[in-house]
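The residues making up each chain are set out below.
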Amino acid sequence: MNAHLLNVALNAAERGWHVFPLRPRDKRPALHGETACPGTGDCASGHRKWEQRATTDADRIRKAWSAGAFNVGLATGPSGLVVVDLDPVKAKDPKGTPDGVTSLQALCERAGKTVPTTYRTRTASGGHHLYFTAPTGVRLGNSAGRLGTHIDTRAHGGYVVGAGSVLLHGAYEVVDPAELVPLPEWLYALLAPRQPSRALKVAPVSVRAPRYAAAALRAEAAAVAGAGEGVRNWTLVRAARALGRFIPSGDLDRHEVEQALNSAGLRAGLRENECRAAVASALNWSIANNPGRPA
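Predicted model only: the values in this text are computed from it and were never measured. (Residues numbered from 1 in each chain as written. Predicted model: local features only at pLDDT ≥ 70, side-chain atom pairs only at ≥ 80, totals over all residues. Heavy atoms only, no water.)

Caption draft 1: Up close: the pairing of strand E2 (residues 71-75). Burial runs high along E2: five of the five residues are buried. With five bridges connecting them, strand E1 (residues 18-22) and E2 associate as antiparallel partners. Each residue of the ladder has a partner; that of Leu 22, found in E2, is Asn 71. Direction of pairing for E2 relative to strand E8 (residues 159-161): antiparallel, over a ladder of three bridges. Considered in E8, the bridge of Ala 75 is made with Tyr 159. (Buried < 20%, exposed > 50% of the residue type's maximum accessible area, 1.4 Å probe, protein only. Helix = DSSP H or I, 4+ residues; strand = E, 2+ residues; numbered from the N terminus. Pairing = 2+ DSSP bridges.)

Shown next as structure tokens:
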């Protein structure tokens, strides 16, 4: 087993993936924690965590795996990876909860895309890991549920268990050895860090707008821009209905409202045609039901 797992680690390192040992038949790091740090070796100048100690150095890898049958952890950040983790349904989930594979398929269909073909592994629990090369010049972190139910991602600050590792209830296996492809731009747009301070400036507000109406427009646009997967459409429609009350009275111009909300919806990851249709419909409803100046 030692030889097998050593080869797993060495093969990963040859691909440029930074590895570190996980506990035998487990997926927790086998390295010491900060409270037990001896202050020697790699940690002579201060405690170094698993992400900092992950390596592609073959000699260090051989030395580490000579001490035991360690599973292989891949530090996604230093490896230049973004891994989409599709979890299976859990026993505690309500009936009808989709698994990660189903959620990703639905996400792709809504975006008008196909599920990307890239290097893929099956986890010991029956889930899937899709590996992508990380975009250059940006630093993505981890996410949990941002893309959908039972979909997590691992990048800087995260790690995944490498194929070939073995747990008590199963093994990690390669199910598609395809070459890695870059993280699709549309997925990156959903994972990119949101900037609330900029969201407040989604669109300029006319100086003629009363202060309370202008404040409402900025607040609703910010709420839409910061809305997560699963509530974005609802947040956009609610915002448009709330702001539509200010249009018949002349407190806000319809074009300004549409511009602000469409821009905010794009920031949240919605498609342009989705934004325009939802905003137009919600504003029409609000204007028809609120003909006078709001109280």
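Now that the structure is up, let's keep going.
Caption draft 2: Here's a closer look at the side chain of Thr 123. Its place among the elements puts Thr 123 in the loop between strand E4 (120-122) and strand E5 (128-133). Thr 123 sits in the buried class, given a relative accessible area of 7%. A distance of 2.8 Å separates a polar atom in the side chain of Thr 123 from the backbone nitrogen of Gly 127. (Polar contact = N/O pair within 3.5 Å; in protein donor to acceptor, adjacent residues only side chain to side chain.)

Caption draft 3: Local environment of the pattern of salt bridges. What the rule picks out here adds up to eight salt bridges. For Asp 59, the salt bridge identified is with Arg 62, shortest N-O distance 3.5 Å. Linking Asp 59 with Arg 62, this pair stays in helix H3 (residues 58-65), spanning three residues, or about one helical turn. Two residues, Arg 254 and Glu 258, come together in a salt bridge whose shortest N-O distance is 3.0 Å. Of this pair, Arg 254 and Glu 258 both sit in helix H9 (residues 254-268), four residues apart, which is roughly one turn of the helix. Relative accessible area serves as the criterion here: at 25%, Arg 254 is assigned to the partly exposed category. (Salt bridge = Lys/Arg side-chain N within 4 Å of Asp/Glu carboxyl O.)

Caption draft 4: Main features of unusual backbone geometry. At Arg 25, a residue that is not glycine, the phi angle is positive and equals roughly 55°. Summarising the element assignment, Arg 25 is placed in the loop between E1 and helix H2 (50-53). Note on Arg 25: relative accessible area 43%, which makes it partly exposed. The phi dihedral of His 150 falls on the positive side, at around 65°, and the residue is not glycine. Residue placement: His 150 occurs in the loop between strand E6 (143-144) and strand E7 (151-154). For His 150, a relative accessible area of 15% corresponds to the buried category.

By themselves, these observations are geometric and do not establish any function.
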